[in-house]
Amino acid sequence: KAGVTQTPRYLIKTRGQQVTLSCSPISGHRSVSWYQQTPGQGLQFLFEYFSETQRNKGNFPGRFSGRQFSNSRSEMNVSTLELGDSALYLCASSPLTGRNEKLFFGSGTQLSVL
Amino acid sequence: GQSLEQPSEVTAVEGAIVQINCTYQTSGFYGLSWYQQHDGGAPTFLSYNALDGLEETGRFSSFLSRSDSYGYLLLQELQMKDSASYFCATHNRDDKIIFGKGTRLHILP
């Protein structure tokens, strides 16, 4: 079974631009969640999608949004980029929604905002 | 607030045993998970404790004491490839996952 795939692996943007990141979950997994990882704040939950519906959301501004398609693939969008958005963005998949004790992570997209 | 506290760094010798602690303060408790992340890599699930006691998976074991709001990950027979960051994680009442800031494990030959 293929693992969680995230594209692109690296991305460089400038302040004010917007960016879209993509995540393909493990086949059969219907839950996709997104995380921001920085050296200072660690891993922080952004949001979770299950069956094309946002099920939960972390404490991030509205510039961070996402969606999920009928094939469970998910995209995350960040608009009006700020320097502080530079981070590793990880997605994870799991078969079910809720309190998943086991998440399967992708290798992430490293976003640099200049 | 809700938080999980871990030491930022731990150093151990190849072949030895090391324990990485995690203390938590959360609204409700819904189990403790552990993940390993190598530099540039994806976090990988290691272990999960829902109840008090020890869970063993090969060289890795995880322990939980809900009365002490405390858990730890035990790595035995350390190998150089175990050099990585280790995260504990749990959920709050709103089903949001919370991670500790991670423990960087350095292994000396």
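Provided above is the structure to which this section pertains.
Residues numbered from 1 in each chain as written. Chains lettered and ligands numbered in written order. Predicted model: local features only at pLDDT ≥ 70, side-chain atom pairs only at ≥ 80, totals over all residues. Heavy atoms only, no water.

1. Some points on the overall build of chain A
The helix and strand tally for chain A stands at 0 helices and 11 strands. Listed by position from the N terminus, the elements making up chain A come as β-β-β-β-β-β-β-β-β-β-β. Computed over C-alpha atoms, the radius of gyration of chain A comes to 13 Å, within 12% of the 13 Å expected from 2.2 N^0.38 for 114 residues, which places it in the range of a compact globule. If one aligns the C-alpha atoms of chain A with their principal axes, the spans along those axes are about 35 × 25 × 25 Å. (Helix = DSSP H or I, 4+ residues; strand = E, 2+ residues; numbered from the N terminus. Rg over C-alpha atoms; globule rule 2.2 N^0.38 Å.)

2. Let's talk about the pattern of salt bridges
Throughout the structure, instances matching the rule amount to 8 salt bridges over all chains. Of the charged contacts, one joins Asp-52 of chain B and Arg-66 of chain B as a salt bridge, the two residues approaching to 3.0 Å between their closest N and O atoms. Taken together, the residues Asp-52 of chain B in the loop between β5 (44-49) and β6 (53-57) and Arg-66 of chain B in the loop between β7 (60-65) and β8 (70-75) connect sequence positions 14 residues apart. By relative accessible area, Asp-52 of chain B is classed as partly exposed at 44%. What emerges from the salt-bridge pattern is a single network uniting Arg-63, Glu-82 and Asp-85 of chain A. (Salt bridge = Lys/Arg side-chain N within 4 Å of Asp/Glu carboxyl O. Buried < 20%, exposed > 50% of the residue type's maximum accessible area, 1.4 Å probe, protein only.)

3. Observations concerning the state of the cysteines
Summed over all chains, the structure comprises 2 disulfides over all chains. What pairs with Cys-23 of chain A in a disulfide is Cys-91 of chain A, and their sulfur atoms sit 1.9 Å apart. Between Cys-23 of chain A and Cys-91 of chain A the disulfide shows an S-S torsion of about 70 degrees. By sign, it is right-handed. Taken together, the positions of Cys-23 of chain A in strand β3 (residues 19-24) and Cys-91 of chain A in strand β9 (residues 87-94) put the pair 68 residues apart, joining distant regions of the chain. On the basis of relative accessibility, which here comes to 0%, the residue Cys-91 of chain A falls in the buried class. Note that Cys-22 of chain B is cross-linked by a disulfide to Cys-88 of chain B, the S-S spacing being 2.1 Å. Here Cys-22 of chain B and Cys-88 of chain B share a disulfide; its torsion about the S-S bond, 75 degrees, makes the bridge right-handed. In this pair, Cys-22 of chain B is assigned in strand β3 (residues 18-25) and Cys-88 of chain B in strand β9 (residues 84-91), connecting sequence segments 66 residues apart. Of the two residues, Cys-22 of chain B and Cys-88 of chain B, neither departs from the other in class, the shared state being buried. (Disulfide = S-S within 2.5 Å.)

Purely geometric stuff here, so don't read any function into it on its own.
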